[in-house]
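This is what each chain is made of:
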Amino acid sequence: MHVVNKMHMLKLKGLQVEPIIELKNVTKTYKLGDETLKALDSVSFKVSPGDFIAITGPSGSGKSTLANIIGGLDHPDGGSVIVDGNELMHTRDNKLSSYRNEHIGFVFQSFNLQGNNTALENVMLPLVFARMKNKDRKARAKECLEAVGLGDRLKHKPTQLSGGQRQRVAIARALSGKPKIIIADEPTGNLDSAKGEEIMTLLKGLNKDGITLLIITHDMNVARQAKRVVEIRDGKITERR
Amino acid sequence: MKLFDYIRLAFRNIRRQKLRSALTIFAVVIGATSVTIMLSLVTGAKGFFKSQVESSGLLEQVAVSPKQDITDFNSANNGGQCDSCTKLTDAIVEKVKAVPHVIGVARQVQDGSLEAITYNGKKLSLQRTTAYDANGIITRNILAGRDLAEADKDGVITITSDYADKFGFKGNYAGLIGKDVTLSTRGFYNGVGADIQPPVQCQGACDNNNNNPGQNQKATVFTAKVVGITDTNDSDATVRVPIDWARGFQTMRMYQQDKVTQVDCSKARGPCNPPQPTFSLVTTDQLAINGYASLIAKVDNSKNAAGVSTEIKKLGVGAADASASINQQLTVFNILGLVLGGIGGIAMAVAAIGVVNTMIMAILERTREIGVMRAVGAKRSTVRSLFTFEASMLGFWGGVFGVAIGFGLTRVANIFVNKQLASQGLKAHDIIGLPVWLILAVVGISTLIGLLAGLYPASRAAKLDPVEALRYE
Ligand SMILES: Nc1ncnc2c1ncn2[C@@H]1O[C@H](COP(=O)(O)OP(=O)(O)OP(=O)(O)O)[C@@H](O)[C@H]1O
Ligand SMILES: [Mg+2]
C-alpha cells in the first residue's frame with residue numbers, strides 16, 4: 001500500500017528515480033525533567049538508491065538519532081519515514097526487527113563485536129536471526145569475510161584482531177544479510193587515518209556494487225569522499241552538497 | 001532463531017562465566033539433591049509399606065465385627081463383645097461365606113481365661129489369648145518355628161517375640177521352639193481341663209464354700225508346646241492357641257442336679273427314703289452362643305473388598321475392608337513427603353533466587369551485546385527466549401547433577417537400611433528406590449524453576465531499548 005502511495009506521489013512530482021529513503025518532517029524530542037530537547041526538528045530528506053551520503057554536524061546535533069531512525073532502531077515522535085517501501089513510523093517492534101535484519105547493515109564506531117565469538121560467528125549473527133541453515137550461513141559469512149580481506153582470520157576472536165580488522169569484521173557482518181542500505185556511524189572514529197582510509201575504500205567499494213551508503217562522520221576527509229553531504233545543526237538539516 | 005541455536009548460544013553463555021554458572025548450578029544441585037533424597041525416601045517407605053500390606057493379604061480381607069457401626073478395618077478386626085448386637089455365630093459365618101466373591105472366612109476369638117505363662121520358673125502375665133482358624137487367611141510374621149496349623153490340637157501355642165525376649169531367647173528364638181511352657185488360668189475357671197467336682201451332699205455341718213456346685217476355685221494349669229515365635233510388631237503381645245482349644249476355654253462346665261421324681265414323704269407309710277440328688281456335668285459352648293469376636297473374610301480380588309464389605313453389612317453386622325485404614329496410613333507418608341519435599345522446595349527456592357541473580361548480572365554485563373543482537377535483527381521475543389533458555393539450562397544441569405548425587409546417596413542409604421531390615425528378619429532389599437518418574441520429575445522441576453527464575457530477567461533483557469543498549473558503557 002505504501003509503495004502504491006509512493007508511486008502515486010512520484011508521478012505527481014514527475015521524478016524519475018524512486019527514493020530508497022524518504023523522511024518527511026521527522027521530529028524526535030527528548031524530555032529531561034522540565035527541559036525538552038529537539039534532537040531532530042522536522043527533518044525531511046530523500047536518498048536515491050545507490051547513493052553515498054555523509055551526514056556531518058557538531059557533536060550532539062542529532063546525527064546518530066537520524067541514523068537510528070532510518071535504521072529502524074529508534075522511533076520518531078512525528079513525521080514519516082519510508083525506507084525501501086517500508087513505513088517505519090507505525091511499524092511494530094517485531095516487524096522492525098525483521099526490517100533491520102533484511103534491509104539494514106549497521107557499522108558502529110566501537111565495532112560492537114561479540115567478544116567471545118570468532119570473526120566467523122560474529123558475521124553469522126544476522127543470519128542466525130534470519131533462520132538461515134547452519135551450513136548456508138557459514139558459507140555466506142566466509143564469503144563476506146573474504147570480501148573484506150579477512151579470509152584467513154575466520155577463527156580469530158575480536159581481541160586477536162587489530163582495530164582495522166575488527167571494523168572489517170563489523171562490515172562483513174553488516175554485509176552478510178545482503179542489505180540494500182549500510183548505515184555507518186563514525187566507522188573511522190576509533191581508527192588512525194591510514195586504517196580509516198582502508199575502511200573507507202572498502203565501504204566505497206560496497207557502494208559501487210550498489211549498496212546505498214550512509215556515513216556519519218565529522219571527519220572532513222571522510223565526508224569529502226561522499227556523493228552528497230548533509231549537515232545537521234541542532235536537529236535541523238542543511239544540505240551541503 | 002532455531003532451537004539448536006538457542007541451545008548452542010545458551011550453552012556457550014553459561015560456559016562463559018564458568019565459576020559463576022557453576023555456583024548457581026551448585027545451588028540448584030543442593031535443592032535437587034534434597035528433593036530427590038527426600039522424595040525417594042518417602043516413596044521407598046511407602047512402596048515398602050504397600051508391598052508389606054499386599055504380601056500380608058490385607059487388601060483382600062474384610063473384617064467383620066458384631067458392632068454394626070464400625071467403619072475401619074482395625075477396630076472391626078479387634079471385634080469385641082456386644083450383647084445387643086447381631087452375634088457372629090456360626091450361622092452368620094455361613095452367611096458370610098455365601099456372599100459372592102468371598103472365598104474363605106477365618107473366625108477370631110479373644111479369650112481372657114489364661115492369666116500367666118511360665119517358662120523355666122519365670123512367670124509372665126498374659127493380657128489375653130487369641131485364636132483363629134488356621135486356614136491361611138490370617139497370617140503372621142513368623143520369626144522362628146511355624147504358625148499354628150489346622151491340625152494343631154490343645155496344648156500347642158505360638159507366642160509373640162517380646163515374651164520370648166523376656167524368657168531370655170532374644171536373638172535365639174529357635175531355641176524356644178518345641179519347648180514346653182506352663183499356662184495358668186484365672187481362678188473360677190471352669191472350661192476345658194478344669195477339675196470340677198460334683199457338689200458333695202452335706203450331712204450336718206459343712207462349709208458352704210465347698211458346697212458350691214460347678215465352680216472351680218483354683219487356677220487350672222496347662223502345659224503347652226511353643227511351636228512358633230511371631231513378630232510382636234504385627235499386633236499386640238499375645239499367646240495364640242488353636243481355635244478349638246479357645247472354644248474349650250470358653251466352654252462353661254458345671255454340675256447340675258438331675259431331675260428326680262419327687263417323693264412325698266408325708267404320704268408315705270413306713271420309712272420314707274427320698275432319693276439322693278444326683279448331679280451330672282453340663283457343658284455349654286459359650287462361643288457358639290456369644291459368637292466370635294470377629295471374622296476375617298477373604299475376598300477373591302482386592303477390587304471386590306469394598307463391595308463384599310457392603311454386602312456383609314446387610315447381614316446386620318459391622319464390616320470394613322482395609323483400604324480406608326491403609327489409605328489413612330498412606331496419608332502419613334504423603335504428609336511426610338510434603339513436609340520433606342517442602343524442605344527441598346525451600347532449597348529450590350533459594351536456588352531460584354540464585355538463578356535470578358545470575359541472570360540479572362549476565363544481562364547487565366551483556367547489555368551491549370543485546371543491543372547488537374537487536375540491531376542485526378533479533379526480536380524482543382528472541383532475546384527473551386534466549387535468556388529464559390539459558391536460565392532453564394542452569395536449572396536443568398542443576399537437576400541432572402542433583403539427581404545423580406541423590407541417586408548415589410540413596411544407594412549408600414540402602415546399604416544401611418538393608419542391614420537394619422535384615423536384622424529384623426525382613427527380606428526387603430533396596431527399598432529406597434529412585435523410580436524413573438522421580439528422576440524425570442526432579443530434572444523437570446529443576447528446569448521449570450530455572451525457566452521461571454529466568455522469566456523476569458529475560459523480560460528485562462527483552463525490554464531494553466536497542467539504542468540505549470548499544471550506547472551502554
Ligand atoms: N536517550 C536520550 N535522552 C536524552 N537525550 C538524548 C538521548 N539520546 C540522545 N539525546 C540527545 O539528543 C541529541 C542528539 O544526540 P545524537 O546521539 O544524535 O548526537 P550526535 O549528533 O550523534 O553526536 P555525536 O557526534 O557526539 O555522536 C544530543 O544532544 C543528546 O544529548
Ligand atoms: Mg553519534
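All residue numbers refer to positions counted from 1 along the written sequence of the respective chain. Chains carry letters from A onward and ligands carry numbers from 1 onward, assigned in written order. The model is predicted, so local features are restricted to residues of pLDDT at least 70 and side-chain atom pairs to those at 80 or more, both for listing and for counting; the totals for chains, interfaces and linings are taken over all residues. Only hydrogens and water are set aside; all other atoms, that is, all heavy atoms of the structure, feed into the side-chain values.

Draft legend 1. Quick peek at the overall build of chain B. Each helix and strand in chain B was counted, giving 13 helices and 14 strands. As defined in this context, the radius of gyration uses C-alpha atoms, and a globule is described by 2.2 Å times the residue total to the power 0.38. A compact globule built from 473 residues should have a C-alpha radius of gyration of about 23 Å, whereas chain B, at 37 Å, is more than 25% larger. Evaluated residue by residue, chain B yields a buried proportion of 45% over its 473 residues. Any pair of residues with heavy atoms lying within 4.5 Å of one another is described as a contacting pair. The contacts in chain B between residues at least 6 apart in sequence include a share of 81% that link residues at least 24 apart. Runs of H or I in DSSP of at least four residues are treated as helices and runs of E of at least two as strands, each being numbered from the N terminus. The rule is simple: take the accessible area with a 1.4 Å probe, protein chains only, and divide by the maximum for that residue type; under 20% is buried, over 50% is exposed, in between is partly exposed.

Draft legend 2. Region of interest: the sheet that holds strand β8 (residues 212–216) of chain A. All names here are of chain A. When DSSP finds two or more bridges between a pair of strands, those strands are recorded as paired. Strands sit in the order β6-β7-β8-β3-β9-β10 across an open sheet of 6 strands; the sheet is mixed. Each having just a single partner strand, β6 (104–107) and β10 (236–239) make up the two edges of the open sheet. The sheet shows a mean angle of 20° between the axes of neighbouring strands, direction not considered. Pairing of strand β7 (residues 181–185) with β8, which is carried by 5 bridges, proceeds in the parallel orientation. Fitted lines through C-alpha atoms serve as axes, helices being fitted only where they are in contact, and the angles separating the N-to-C directions of these axes extend from 0 to 180 degrees.

Draft legend 3. Representation of the packing of aromatic side chains. Each Phe, Tyr or Trp ring (for Trp, its six-membered ring) is paired with any other whose centre lies within 6.5 Å, and the angle between the two planes then decides the class: stacked below 30 degrees, edge-to-face above 60, tilted in between. In total, this model carries 13 aromatic pairs over all chains according to the counting rule given. Among the aromatic residues, those joined into a cluster by ring pairs are B:Phe11, B:Phe396, B:Trp397 and B:Phe401.

Draft legend 4. Main features of the site of ligand 1. We call a residue near a molecule or strand whenever a single non-hydrogen atom of that residue lies within 4 Å of it. In the vicinity of ligand 1, the contacting residues are A:Tyr30, A:Leu37, A:Ala39, A:Pro58, A:Ser59, A:Gly60, A:Ser61, A:Gly62, A:Lys63, A:Ser64, A:Thr65 and B:Arg471. Those chains with residues close to ligand 1 are chains A and B. Between ligand 1 and A:Gly62 there is a distance of 3.0 Å, counted from an oxygen atom to a backbone nitrogen or oxygen. The separation between an oxygen atom of ligand 1 and a polar side-chain atom of A:Ser64 is 2.7 Å. Think of a polar contact as two N or O atoms within 3.5 Å of one another; within protein, one of them needs to be a possible hydrogen donor and the other a possible acceptor, and neighboring residues in sequence only count if both atoms come from side chains.

Draft legend 5. Highlighting the interface of chain A and chain B. Across the contact, 26 residues belong to chain A and 23 residues belong to chain B. For the pair chain A and chain B, the two sides together bury roughly 2400 Å², of which 50% comes from carbon and sulfur. For this document, the term salt bridge refers to a Lys or Arg side-chain nitrogen within 4 Å of an Asp or Glu carboxyl oxygen. Put simply, chain A and chain B have 4 salt bridges between them. Between B:Arg12 and A:Glu121 there is a salt bridge, with the nearest N and O atoms lying 2.5 Å from each other. Between chain A and chain B we count 14 residue pairs in polar contact (both at pLDDT 80 or more) in total. Contributing elements (two or more residues each) for the side of chain A that touches chain B: α3 (93–103) and α4 (119–129) of chain A. Here the side of chain A that touches chain B gets 6 residues from one element, more than from any other, and that element is α3(A). Residues are grouped as follows: nonpolar covers Ala, Val, Leu, Ile, Met, Phe, Trp, Tyr, Cys and Pro; charged covers Asp, Glu, Lys and Arg; every other residue, Gly included, is treated as polar. When the residues that make up the side of chain A that touches chain B are grouped by side-chain class, the tally is 8 nonpolar, 10 polar and 8 charged. Buried area: the accessible area, evaluated with a 1.4 Å probe, that two parts lose upon being put together, summed over both parts.

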